[in-house]
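Structure at a glance
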Amino acid sequence: MLDFNFMKNNYQYFYEQLKRRNFILDIQKISILENKRKNLQNDCESLRSEHKKLSKYILYRSKLYNNIDIFKNQLIESRTILSLLKKKLNCIQNKINFFLSNIPNLPSLDTPDGKNEKNNQEISRWGHIKKYNFSIKNHINIGNKINGFNWQEAATISGSGYTVIKGALAKLHRALGQFMIDIHTEKHGYQEVYVPNIVKKSCMYGTGQLPKFEKELFYVSKITQNLNNTKRFLIPTAEVPLINLIKNKIILSELLPIKYVALSACFRAESATYGKNQQGLIRNHQFEKVEIIQIVHPEKSEESFEILTKHAEYILKLLKLPYRKVLLCTGDLGFSAQKTYDLEVWFPSQNCYREISSCSMIGDFQSRRIKARYQNKKTKKNNFLHTLNGSGLAVGRTLAAILENFQCSDGSVIIPKILRTPYMNGMKMLK
């Protein structure tokens with residue numbers, strides 16, 4: 001959530017910055033709501049002050065006189081009016097909060113302007129794109145040939161958008177997740193965390209998935225003994241529970257940065273992207289992903305963002321997968337992001353790059369929602385933390401990229417050297 005106190009004095013600045021990302025801030029609406037809130041707040045404070053004075057006066061009169069009923073009636077009437085004003089004030093405040101919760105983060109000043117992905121800027125490329133002297137197959141055909149995929153069984157169990165992986169291919173899928181976790185913990189200094197796949201609504205709100213993206217989420221309901229439905233959400237990314245680990249906490253500045261990594265299942269309805277790159281492992285309702293997050297001092301935000309992105313890139317380099325780094329334009333930014341790099345891996349069958357990781361600088365947008373702050377040891381003042389997140393990497397898409405980039409003419413697949421020992425027990429090929 002944005003800093004409303006700053007916004008109130010700088011409406012035009014916020015309007016212009018949000019316009020860069022194709023969001024039109026309704027200044028008139030929020031101004032009217034804020035003026036109503038301010039007037040009601042003043043009325044409440046004035047009436048509360050009068051109410052206190054009247055209470056003291058009644059107490060004083062009761063010691064001297066018996067008949068104070070008229071004053072008691074005035075007190076009751078005052079209390080009733082104050083209660084009504086508080087309800088109106090609460091209603092207006094809720095409207096303001098809902099309005100603010102639907103406003104995306106301000107883009108960083110160095111995020112390029114643009115309407116969609118066509119306006120993203122390529123920053124760099126890495127790796128050698130192989131030339132094949134045989135007909136290139138996509139990862140679906142390759143996986144089918146080595147009896148690793150069974151799409152029909154997945155559809156029978158769960159419907160479309162799910163995958164069953166078997167045998168050596170399932171082993172490679174598991175190995176990739178373990179390999180990524182090991183690199184991030186042993187080389188990059190992240191603490192591994194096991195997190196729940198089901199979270200409360202407040203956690204989804206805290207990271208920016210709600211209220212805007214509720215239709216893109218899966219949820220479960222538990223019917224309690226008194227028949228009340230308690231709504232819980234399946235996580236779309238481990239970012240949600242990881243960020244909420246610092247909810248309502250004040251952290252000493254000397255304990256920063258906090259760096260977490262988790263391998264988790266992720267669940268996404270993907271209704272807004274129906275038919276877009278849905279084949280195979282590219283876009284599923286359920287998939288596994290290694291998520292890396294950093295919680296940092298505001299002064300370290302930019303530097304940490306570049307480092308976190310390099311951590312995700314390092315995994316691709318170890319696997320020898322060609323990729324490019326792309327800086328997203330304002331129109332392609334995620335709701336909570338100030339600035340984002342997408343890492344896109346090469347897919348030979350499509351003759352193009354596809355996203356395999358998204359690394360974002362969030363600023364204090366999430367920490368304001370979850371009330372996560374740090375304390376300066378010298379001044380003892382509490383300020384909002386900055387958060388960053390990235391995929392390090394999406395496991396299914398990494399598996400798909402390996403199948404395509406390391407395919408052989410006979411349909412077999414070379415396993416990247418970094419994974420052979422110990423992760424694949426010395427196995428060199430998938431046949």
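Residues numbered from 1 in each chain as written. Predicted model: local features only at pLDDT ≥ 70, side-chain atom pairs only at ≥ 80, totals over all residues. Heavy atoms only, no water.

1. A short note on the overall build of the chain
When helices and strands are counted, the chain shows 13 helices and 16 strands. C-alpha atoms of the chain, sized along the principal axes, occupy 105 × 50 × 40 Å. The buried share of the chain, taken over its 431 residues, is 48%. Of the roughly 22,600 Å² that the chain leaves accessible, carbon and sulfur atoms contribute 50%. (Helix = DSSP H or I, 4+ residues; strand = E, 2+ residues; numbered from the N terminus. Buried < 20%, exposed > 50% of the residue type's maximum accessible area, 1.4 Å probe, protein only. Areas by Shrake-Rupley, 256 points an atom, 1.4 Å probe, with all protein chains shown as cover.)

2. Some remarks on unusual backbone geometry
In terms of backbone geometry, most residues other than glycine have negative phi values and most peptide bonds are trans. Look at the link from L210 to P211: it is a cis peptide, with omega at 5 degrees. Residue position: P211 is located in the loop between α8 (201–207) and β4 (219–223). The omega torsion of the bond from L256 to P257 falls at 0 degrees, within 30 degrees of zero and hence cis. Along the chain, P257 turns up in the loop between β6 (250–252) and β7 (258–267). Phi at N22 takes a positive value of approximately 65 degrees, unusual for a residue other than glycine.

3. As for the pattern of salt bridges
Evaluation of the coordinates by the stated rule reveals 14 salt bridges. As a salt-bridge pair, D110 and K339 come within 2.7 Å of each other at their nearest N and O atoms. Of this pair, D110 sits in the loop between α4 (69–101) and β1 (121–126) while K339 sits in strand β10 (residues 339–347), placing them 229 residues apart in sequence. With a closest N to O distance of 2.4 Å, E291 and K289 form a salt bridge. Residue class for E291 comes out buried when judged on its relative accessible area of 2%. (Salt bridge = Lys/Arg side-chain N within 4 Å of Asp/Glu carboxyl O.)

4. Observations concerning the sheet that holds β6
Across the sheet, three strands lie side by side as β6-β12-β13; this open sheet has mixed pairing. One side of each edge strand has no neighbouring strand; the edge strands of this open sheet are β6 and β13 (382–384). With direction set aside, neighbouring strand axes in the sheet form an average angle of 35 degrees. Pairing between strand β12 (residues 373–375) and β13: three bridges, direction antiparallel. The partner of Y374 across the bridge, within β13, is N383. (Pairing = 2+ DSSP bridges. Axes fitted to C-alpha atoms, helices over the stretch in contact; angles between N-to-C directions.)

5. Overview of the pairing of strand β14 (residues 386–394)
The element β14 is largely enclosed, with a buried count of nine among its nine residues. Bridge count between strand β8 (residues 286–296) and β14: seven bridges; the pairing is antiparallel. By the bridge assignment for β14, Q294 is matched with L388. Bridge analysis of strand β11 (residues 352–363) against β14 gives four bridges, and the strand direction is antiparallel. By the bridge assignment, C359 is partnered in β14 with G390.

6. Overview of the sheet that holds strand β2 (residues 191–192)
Taken together, eight strands build an open sheet; the order of strands is β1-β9-β10-β11-β14-β8-β7-β2 and the sheet is mixed. Of all the strands in the sheet, the pair left with one neighbour each is β1 and β2. Bridge analysis of strand β9 (residues 323–327) against β10 gives five bridges, and the strand direction is antiparallel. Across the sheet, residue K325 finds its bridge partner in β10, namely L343.

7. Considering the environment of K212
Mapped onto the elements of the fold, K212 is located in the loop between α8 and β4. Accessibility expressed as a relative area gives 48% for K212, which makes it partly exposed. When the C-alpha positions of K212 and I103 are compared, they lie 9.1 Å apart, and in sequence the two are 109 residues distant. If sequence neighbours within four positions are ignored, K212 has contacts with N102 and F335. (Contact = heavy atoms within 4.5 Å.)

8. Re a nonpolar patch on the surface
Nonpolar side chains collect at one region of the surface, where F6, Y13 and L109 lie side by side and expose about 340 Å² of accessible area between them. Mapped onto the secondary structure, F6 falls in helix α1 (residues 4–8). You can call F6 partly exposed: its relative accessible area is 41%. (Patch = residues over 30% accessible without salt bridge, like charges linked within 9 Å, V, L, I, M, F, W, Y side chains within 5 Å.)

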